[in-house]
Amino acid sequence: MIKRIFFNFLKEVKIGWRGNYFLLTVGIAVFYIVFIQFLLPGFINQNTNVYIFTEIDFEIDYEDIRIEEFENVFFVNDLDELHSKLDKNRESFGIYISGTESNPKVELFIQGNEDEALKEVYKISILNSFGVLSENNFNKVYLNNKISSPIKMNNYMVPILLLTEAVMMGIIFVFTMIFTEKNEGTIYAYSVTPGKIFEYLLGKVLYLIFLGLIFTSVFCVPLFGFRVNYLELFLVIALGSFFSTSVSLIFASFYDNISQSLFSMLALNLILIAPMFSYLIPSFNPPIMRIIPTYGILFNLRNILFSDYGNLIYSDLLVILLEGIVFFLISSVLYNRMIKKK
Amino acid sequence: MIEVKNLFFKYNKSHEYAVDGISFDINEGEIFGFLGPNGAGKSTTQKILTGILPVQDGEIYLRKERIEKFNNDYFNAIGVSFEQPNIYGKLTGKENLDFFASMYDYPVQSSSNLLKMVDLDNAANKKAGEYSKGMQQRLVFARSLINRPKILFLDESVSGLDPSNAVLIKEIIKELRKQNTTIFLTTHNMTVADELCDRVAFINSGKIVLIDSPRNLKLRYGRKLVKIEYENDGCLNKEILSLVDDKDKQRIVEITKTKLIETIHSQEATLEDIFIKVTGRELG
Ligand SMILES: Nc1ncnc2c1ncn2[C@@H]1O[C@H](COP(=O)(O)OP(=O)(O)OP(=O)(O)O)[C@@H](O)[C@H]1O
Ligand SMILES: [Mg+2]
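(A) Geometry of the sheet that holds strand S10 (residues 207-212) of chain B. Residues and elements named next belong to chain B. With mixed pairing, the six strands of this open sheet are ordered in space as S6-S7-S8-S3-S9-S10. Either end of the sheet is taken by a strand with one partner, and the two such strands are strand S6 (78-81) and S10. Across the sheet, the mean angle from the axis of one strand to that of its neighbour is 15°, orientation sign disregarded. With five bridges joining them, strand S3 (residues 31-35) and strand S8 (residues 182-187) adopt parallel strand pairing.

Below you can see the structure in the form of structure tokens.
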């Protein structure tokens, strides 16, 4: 069984290699690296506001804490106002200065969407303006407790691209693979050997997982280096790819060519990609989104890539695995029947 | 070796039967010819016997045992050559054979030997998609032999090949018979059937019309047939008539009286003549 699965996999790799699918995969990854690094801005809103409330009545050299690109420094009258301003503008941060002149306490209110470098600049310049350089006087306060360090907008897109490419690449490839084999009739030649249909399909699943992992490596290593847990990343990509390939195998079994299947293929893509909206708009989180299996994949990819969101949720992975197995079994049954129908 | 009883098959509920209640049995080591015009149901029968199409109605026995479900033992024991060359175009000839070879549970033939046997050793490392149709057909034939099958199904394996390659394949088939391989050979080429088959079944519109050895058929129908070609409304008509059958004798008289006869032959009948005589249909 293992031997036959392996040779089915090897066959797909050879055919994929000659069909330039590997080149295509690497090409897409490189294109997205360029897209992420150079075409997408790190932050959409460059007008980060800074709100300052100080209890110490003395001269601050405002120029010191004003940075050219970020002109918007506002002084507020009390702590409540500071909080309400911050609430209104999620991209801003606040500074609360208390204590005495000789021993000032500086608190930085962070919401999680600000530029890390910018905060450093403010921290240093404020401490400087008091003539104090000690870190002891400085305190970071994380608002909302849940988010901490900022994630650049362009990097925040990476889980989406991993979902659409590494995980869902399988969809379109499965359709073309199945149609080619139906056309060539090789699936019938296979069916008169002792080879099992599930071994044949598993060869394709493994091949598409392999392609997904290649995409993930080529894409993520240049962007994140090795500070990402690749074992976890590969696990999620592999399970996601297994799931989406199995689902597409089912869909592809009903059609004979791309044009017949175009509508289903698009619909499948749209459904599986929908959790993206919850991802981009956190307030949009209807239960129906959470039912779509790619929801779990997307948010777990985020958790792995950005340490601030929490850990990989293993129960999510188990669910995806089980769904993948169920869909794979259904597709095996369907292909067995399909071969006996023609 | 293989016995088929009352096999029926319909592609569609509304369609007529593509296989309409056929029964036959094939002895071990025999080449059994399945002969008939296009659309007679030959390939359909082969597909049922190789598990590609389901058994809708009827029974199949292998060595006297009823086959309910084709299992690995069966697939390890059979070889199948398809009518349409179905190969991986992106893989080379050798890779095609090696891939299918890796699916069997028992030792298989070496792909290089097989390629040499069907005269494809020069093209072994060329993509099979770039083979000519005849080359692809020989590759499919070679593939069917990979597991040294006890039972071999050949669907039109010799048709469409140039004369020298046709001879090559026919020689291999004869060699296989010497090794006691049971062969189910589908063709609409009577000369091939005549040359290779121990027995032939004539199939027409899904029904078997007769089964006998080519030799017996020719003895039975042999010199007692005449082929008359005559002009009718400006067209050339051909009829094959028996010299012993009363109705046919009647017809011969009628034609000689009313039509302009071009030729009359009473030479030894070919299988083809006999087929036309028996079924009233020309072969494709
Ligand atoms: N996939 C199919 N769907 C519907 N009908 C089919 C299908 N394949 C064959 N048929 C029909 O079944 C009948 C028998 O076809 P079959 O292919 O068995 O003929 P054959 O004897 O092999 O002919 P040929 O000499 O052309 O290969 C024909 O009437 C054909 O139209
Ligand atoms: Mg046929």
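The discussion continues.
(B) View of the interface of chain B and chain A. Across the contact, 29 residues belong to chain B and 27 residues belong to chain A. Of the roughly 2400 Å² buried at the junction of chain B and chain A (both faces included), carbon and sulfur atoms supply 63%. Three residues stand out in chain B for area buried against chain A, namely Ile52(B), Tyr88(B) and Met103(B), and they jointly supply 26% of the buried area on that side. On the surface where chain B and chain A come into contact, there are three salt bridges. When the shortest N-O distance is used, the salt bridge between Glu95(B) and Arg18(A) registers 2.6 Å. Here chain B is connected to chain A by 11 residue pairs in polar contact (both at pLDDT 80 or more). Contributing elements (two or more residues each) for the side of chain B that touches chain A: helix H2 (72-77), S6 and helix H3 (93-101) of chain B. For the side of chain B that touches chain A, a count of residues per class yields 16 nonpolar, eight polar and five charged.

(C) Molecular detail of the sheet that holds strand S13 (residues 260-265) of chain B. All names here are of chain B. Read across the open sheet, the three strands follow the order S12-S11-S13; overall the sheet is antiparallel. Among the strands making up the open sheet, the edge pair consists of strand S12 (235-242) and S13. Taken pair by pair, the neighbouring strands of this sheet meet at an average axis angle of 20°, ignoring direction. Pairing geometry for strand S11 (residues 225-232) and S12, over eight bridges, is antiparallel. Within S12, the residue paired with Glu 229 across the bridge is Lys 238.

Calculation criteria
- Residues numbered from 1 in each chain as written.
- Chains lettered and ligands numbered in written order.
- Predicted model: local features only at pLDDT ≥ 70, side-chain atom pairs only at ≥ 80, totals over all residues.
- Heavy atoms only, no water.
- Pairing = 2+ DSSP bridges.
- Helix = DSSP H or I, 4+ residues; strand = E, 2+ residues; numbered from the N terminus.
- Axes fitted to C-alpha atoms, helices over the stretch in contact; angles between N-to-C directions.
- Contact = heavy atoms within 4.5 Å.
- Buried area = accessible area lost by both parts, 1.4 Å probe.
- Salt bridge = Lys/Arg side-chain N within 4 Å of Asp/Glu carboxyl O.
- Polar contact = N/O pair within 3.5 Å; in protein donor to acceptor, adjacent residues only side chain to side chain.
- Nonpolar A, V, L, I, M, F, W, Y, C, P; charged D, E, K, R; others polar.

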